[in-house]
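This is what each chain is made of:
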Amino acid sequence: MKKAVFKSLLFVLLITSCSQEYSYVEVVLEKGILSGVETKEKDPEIISATNDTLAYLEAYKKFCISVKVNKDMEERSGNTFTTPLEFKLLDKDGNNIVESVSFITKEDKEAEIEKKIFSLPSSIQSVNENNNKENLEELSTFSKIDSVKVKELEKYFIKKTDEFSNNNKIWYKPKSTPQYTNMNGIYCYFQTQNGMPCNLRFRIQYYSDDWLFFNRIQFSIDEKAYEYIPQNVETDNGGGNIWEWFDEGLNSSDKDLIYALANAKKAKMKFIGRQYHDIKTITKEQSLAIKRTVELYKALGGNY
């Protein structure tokens, strides 16, 4: 018994103390305003990782992003003022560990990162011609991916590829979600396009033996009140039962509600209909599924 407790404590100590900070320093060739070129080191960026291998992969992503953006600029304008040459990855003692980091799948992981980043459309063309930053945001997303967290969470989700999509759309849904619409349920889910998380969605299903025609939902979450008004509620029926549901994209105004649901200890929802209402308890499993969905969305590089 004492040995098991000791092992548990040791594991907790290892987990809580394994996060380390590294400095990513990019070395560039910079052209002077008048003439000449010189090699310079850009300001360091902090990378937090549990070990040297993960820190190296994050640093390699950052470097590939810089190379991609520089290439797009050169193709677009025919000229650039800085050219990425290499990068340094400094540990807490200031040692450059780029050459010393070695692991079996190093070349495969580098090739995978290069394929994802260099296959993206021209970021500069998109910004200049379409006046949006979508592709640049996609590039920066790669530097935010938490591979360890993704691996930890993916086992709780069903992944379904859209076979009719030409940009590799994949839907992520918690395994605990209802299989059919004629079941009560509340959950979030999302999709990725070319590996980029997007379209974070919120779905609630109401199943009963009598119509409610709900048009808003009030929540009581850990003694705090919230409200959600869906834009469109759909309905259907069969076998003497009815089901009503909505499925909508989330935005920043919904964040307080979603995070409250994700971290709820005690939660209920009240369906407000045309004449009547009905109250359903939100289970701990449903709250946990919402939490895992948001965490996976963010671990893949999403921002919410």
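See the structure above.
To keep things clear, this report deals only with the structure shown in the data block. Small disclaimer: the values here were computed from a predicted structure and weren't measured.

A word on the sheet that holds strand E12 (residues 241–249)
- A sheet is described by the order of its strands in space; here six strands give the open sequence E5-E6-E7-E8-E12-E11, paired in antiparallel fashion. Among the strands making up the open sheet, the edge pair consists of strand E5 (157–161) and strand E11 (234–238). Each strand axis lies, on average, 25° off the axis of its neighbour in the sheet, ignoring direction.
- Sheet topology note: the E5/strand E6 (residues 169–174) ladder contains five bridges and is antiparallel. In the sheet register, Phe157 faces E6, and the bridge partner there is Pro174.
- Helix H8 (residues 284–299) contacts E5, E6, strand E7 (185–193) and strand E8 (196–208) of the sheet and is inclined by roughly 15° relative to E7.

As for the pairing of E7
- Within E7, eight of the nine residues are buried, leaving the element largely enclosed by the surrounding structure.
- Across four bridges, E6 lies against E7 in antiparallel orientation. The residue bridging Ile170 from the neighbouring strand is Thr192, located in E7.
- Bridging between E7 and E8 involves eight bridges; their strand directions are antiparallel. Within E8, the residue paired with Tyr189 across the bridge is Arg201.

Focus on the environment of Leu120
- You can see Leu120 is positioned in the loop between helix H3 (106–118) and helix H4 (123–130).
- The exposure class assigned to Leu120 is buried, which follows from its relative accessible area of 7%.

What to know about the nonpolar core
- Counting 38 residues, the largest nonpolar core has Ile186, Phe202, Ile204, Phe219, Ile258 and Leu261 as its most contacted members.
- With near-sequence residues (within four places) excluded, Ile204 lies in contact with Gly185, Ile186, Ile217, Phe219, Glu244, Trp245, Phe246, Met269 and Phe271.
- Counting residues in hydrophobic clusters, the runner-up holds 21 residues, among them Leu57, Phe63, Phe103 and Ile117.

A short note on the pattern of salt bridges
- Here the structure, examined in full by the defined rule, presents 15 salt bridges.
- Across the pair Arg203 and Asp247 runs a salt bridge whose closest N-O atoms are separated by 3.0 Å. Placement of Arg203 in strand E8 and of Asp247 in strand E12 is noted, with a sequence separation of 44 residues between them.
- Each of the salt bridges in this network shares a partner with another, and the network as a whole consists of Glu30, Glu38 and Lys40.

Topic: helix H7 (residues 255–262)
- Among the residues of H7, those classed as buried are Leu257, Ile258, Ala260, Leu261 and Ala262.
- Contacts from the buried residues of H7 go to E7, E8, strand E9 (216–221), strand E10 (224–228), strand E14 (277–282) and H8.

Observations regarding the sheet that holds E14
- One open sheet accounts for four strands, arranged E10-E9-E13-E14; its pairing is antiparallel. Edge positions in the sheet fall to E10 and E14, since each has one partner strand and no second. On average, adjacent strands in this sheet sit at an angle of 20° to one another, irrespective of strand direction.
- Bridge count for E9 against strand E13 (residues 267–272) is six bridges, and the pairing is antiparallel. Residue pairing for E13: Ser220 is matched across the bridge by Lys268.
- Contacting E9, E10 and E14, H7 crosses the sheet at an angle of about 50° to E9.

How each quantity is defined
Residues numbered from 1 in each chain as written. Predicted model: local features only at pLDDT ≥ 70, side-chain atom pairs only at ≥ 80, totals over all residues. Heavy atoms only, no water. Pairing = 2+ DSSP bridges. Helix = DSSP H or I, 4+ residues; strand = E, 2+ residues; numbered from the N terminus. Axes fitted to C-alpha atoms, helices over the stretch in contact; angles between N-to-C directions. Contact = heavy atoms within 4.5 Å. Buried < 20%, exposed > 50% of the residue type's maximum accessible area, 1.4 Å probe, protein only. Core = buried A, V, L, I, M, F, W, Y, C linked by side-chain atoms within 4.5 Å. Salt bridge = Lys/Arg side-chain N within 4 Å of Asp/Glu carboxyl O.

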